[in-house]
Amino acid sequence: MTGEISIGGVYLPSILLLAVAAVLLTGIATRLLAFAGAYRAVTYRPLVDLALFILILGLLALLTGPSA
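Remember, it's a predicted structure, so these values are computed and weren't measured experimentally.

## A closer look at the overall build of the protein
In terms of helices and strands, the protein carries 2 helices and 2 strands. For the protein, the sequential pattern of α-helices and β-strands runs β-β-α-α. What you see for the protein is a C-alpha radius of gyration of 15 Å, clearly larger than the 11 Å of a compact globule of 68 residues, by over 25%. Overall, the C-alpha framework of the protein stretches about 45 × 30 × 15 Å when taken along its three principal axes. When burial is assessed residue by residue, the protein has 19% of its 68 residues classed as buried.

Pasting the structure below:
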């Protein structure tokens, strides 16, 4: 993962772009979990959604990191 990405001459931190992608993927995942009925076993849904976002963001950061 590089430090900054230039989009149209504007430098954006790469973690910002990863966070936007993680929000979109989390939205898709929460809709799939709601459709499957997995939230019936959860007592506090916002906490599960936050944990899912953090997991997806971490996975994206690992996948886009520098390859050794």
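So that's the structure; there's more coming.
## Focus on helix α2 (residues 45-63)
For α2, with 19 residues, the first-to-last C-alpha span of 27 Å sits near the 27 Å given by 1.5 Å per residue. On its buried face, α2 is in contact with α1 (14-36).

## A closer look at the packing of aromatic side chains
Enumeration over the complete set of coordinates arrives at 0 aromatic pairs. Directly above the aromatic system of Tyr39 lies the positively charged group of Arg45, at a separation of 4.0 Å from the ring centroid.

## Overview of α1
With 23 residues, α1 should reach 33 Å at 1.5 Å per residue; the first-to-last C-alpha distance of 33 Å fits that figure. Listing the buried residues of α1 in full gives Ser14, Leu18, Ala19, Ala22, Thr26, Ala29 and Thr30. Those residues of α1 that are buried are in contact with β1 (4-7), β2 (10-13) and α2. Where α1 ends, the next residue or the one after it, Gly37, has phi of about 85 degrees, a positive value.

## Looking at the nonpolar core
Leu18, Ala19, Ala22, Ala29, Leu52, Ile56, Leu57 and Leu60 together form the largest nonpolar core, which totals 8 residues. Among the elements of the structure, α1 and α2 are those that each provide at least two residues to this core. Those residues in contact with Ala19 that lie beyond four places of it in its chain are Phe53 and Leu57.

## Topic: the pattern of salt bridges
In the structure shown here, the tally under the stated rule is 1 salt bridge. Residue Arg45 pairs with Asp49 through a salt bridge whose shortest N-O separation is 3.6 Å. In this pair, Arg45 and Asp49 are both assigned in helix α2, 4 residues apart and thus about one turn of the helix distant. For Arg45, a relative accessible area of 39% puts it in the partly exposed group.

Conventions we followed
- Residues numbered from 1 in each chain as written.
- Predicted model: local features only at pLDDT ≥ 70, side-chain atom pairs only at ≥ 80, totals over all residues.
- Heavy atoms only, no water.
- Helix = DSSP H or I, 4+ residues; strand = E, 2+ residues; numbered from the N terminus.
- Rg over C-alpha atoms; globule rule 2.2 N^0.38 Å.
- Buried < 20%, exposed > 50% of the residue type's maximum accessible area, 1.4 Å probe, protein only.
- Expected span 1.5 Å × (residues − 1).
- Contact = heavy atoms within 4.5 Å.
- Phe/Tyr/Trp six-rings, centres within 6.5 Å; stacked < 30°, edge-to-face > 60°.
- Lys NZ or Arg CZ within 6 Å of the ring centre and 35° of its normal.
- Core = buried A, V, L, I, M, F, W, Y, C linked by side-chain atoms within 4.5 Å.
- Salt bridge = Lys/Arg side-chain N within 4 Å of Asp/Glu carboxyl O.

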